[in-house]
Amino acid sequence: MIYTKMHGAGNSFLILECLRGEEKGEDLSDLALRLCSEKTGPGADGLIVVLPGEPGVDFSMLFYNADGSLGEMCGNGARCVARYAVEHGLSPNPGQIRFQATAGHISARRIDRERYEVRLPDPSVIDLDRLAEGQCCAYVELGDPGLPHAVLEVPLEAFDDLNALRERGRRLRHSSAFPKGANVSFVCLTGESQVRAITFERGVEDFTLACGTGCGAITVSLTLLGRVPEAPLEIHMPGGILQVSLRREGDRVRDLLLTGPTAVVETGAIRNAEFGIRN
């Protein structure tokens, strides 16, 4: 079995194409758990399986978190798999890459060799004033089924103590205020259209170097709260800079476009027998 390891602003993924037996989700969950661990595999934040697409799309993707759970969507993963599809001939038009994820249909395009843009699913749930663990936060679900995100503003000095912020994120991630759990993004405005942010990701159970859908949720909440103008928001995460633009229609938003870098780390082979994969 051949894998390609990629990352988008430090958010890392293992991509497998046309895995046999992919219809058995429990097999893939266990495979994701082992492959994403550096102790038993190449290591990554998530596993993306590229499958044949239904009519109207180039391909479909299943995204698994590092803990083996199936994710609804992954923004940086979608940008990476868009580049993979172009470079492996799965998408004939780099300006119109179309694929299916659990959260819905996704479109993407190549900007240059490394930078890709993906249209994130529109929000299906927006609650700008949700109370969780005694803290007020914005809650956004992207897509249907929705990918849950909590967004909290913090002072800049909060980023000086990541251990304290991590524990805060861990508590919020499991809060009963979020029926499906939540990815938790901490954000601080550093300019009119610029923020610093970090996300505690559900399924990774720790901070990642970047979170694409987290950037989408940050932009949705800050725009609707009037904290930033309706313009591309530049989001500085530990692994790099991402940009999100959107279109506002009253108290709703749509057309979330996430742009940022991608990189190919390595291509390698895994012995199928070691992971229980049928030949």
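Predicted, not measured: the structure shown is a model, and the values here were computed from it. (Residues numbered from 1 in each chain as written. Predicted model: local features only at pLDDT ≥ 70, side-chain atom pairs only at ≥ 80, totals over all residues. Heavy atoms only, no water.)

Trainee: Hey, could you go over the overall build of the protein chain for me, with residue numbers and the actual values?
Mentor: Helices and strands together make up the secondary structure of the protein chain, namely four helices and 18 strands. Taking 279 residues into account, the globule formula puts the C-alpha radius of gyration at 19 Å, and the protein chain, at 18 Å, falls close to it. Overall size of the protein chain, expressed as C-alpha extent along the three principal axes, is 55 × 40 × 30 Å. Of the roughly 11,700 Å² that the protein chain leaves accessible, carbon and sulfur atoms contribute 47%. Looking at charge distribution, the protein chain has the averaged site of its 29 positive side-chain charges lying 2 Å from that of its 38 negative ones. (Helix = DSSP H or I, 4+ residues; strand = E, 2+ residues; numbered from the N terminus. Rg over C-alpha atoms; globule rule 2.2 N^0.38 Å. Areas by Shrake-Rupley, 256 points an atom, 1.4 Å probe, with all protein chains shown as cover. Lys, Arg positive; Asp, Glu negative; His and termini not counted. Charge placed at Lys NZ, Arg CZ, Asp CG, Glu CD.)

Trainee: Pulling in residues and values, what's your account of helix H4 (residues 212–224)?
Mentor: Here H4 spans 19 Å end to end across 13 residues, near enough to the 18 Å set by a 1.5 Å rise per residue. Across the 13 residues that make up H4, a large majority, 13, are buried. (Expected span 1.5 Å × (residues − 1). Buried < 20%, exposed > 50% of the residue type's maximum accessible area, 1.4 Å probe, protein only.)

Trainee: Before we move on, could you go through helix H2 (residues 75–87) and cite the residues and values that matter?
Mentor: Quick reminder: α-helices carry 3.6 residues per turn. Residues three or four places apart thus point the same way. Under the 1.5 Å per step criterion, the end-to-end length of H2 is 19 Å for 13 residues, consistent within 8% with the ideal 18 Å. Considered for burial, the residues of H2 that qualify are Gly75, Asn76, Gly77, Ala78, Arg79, Cys80, Val81, Ala82, Arg83, Tyr84, Ala85 and Val86. In the segment just after H2, Gly89 is the residue with positive phi, at about 75°.

Trainee: So, unusual backbone geometry: which residues are in play, and what are the values?
Mentor: Negative phi values dominate among residues other than glycine, just as trans dominates among peptide bonds. Backbone torsion omega between Asp144 and Pro145 reads 5°, so that peptide bond is classified as cis. Within the element layout of this structure, Pro145 appears in the loop between strand S10 (135–142) and strand S11 (147–153). For Glu133, which is not glycine, the phi torsion reads 55° and is therefore positive. Assignment of secondary structure puts Glu133 in the loop between strand S9 (123–132) and S10. Residue classification places Glu133 among the partly exposed positions, given a relative accessible area of 46%. Of note, the phi angle at Asp255 is positive, near 55°, even though the residue is not glycine. Its location among the elements puts Asp255 in strand S17 (residues 252–261).

Trainee: Got a sec to walk through the nonpolar core? Specific residues and values, please.
Mentor: Judged by nonpolar contacts, the single largest core of 52 residues is most densely connected at Ile48, Met73, Val81, Ile97, Phe99 and Ile235. Tallying contributions element by element places H2 first for this core, with seven residues. Leave out the neighbours within four places in its chain, and Met73 touches Phe63, Ala78, Ala101, Ala103, Ile106, Leu120, Pro121, Leu147 and Thr213. Among the nonpolar cores identified, the runner-up in size contains 19 residues, and Val154, Leu172, Phe186 and Phe200 belong to it. (Core = buried A, V, L, I, M, F, W, Y, C linked by side-chain atoms within 4.5 Å. Contact = heavy atoms within 4.5 Å.)

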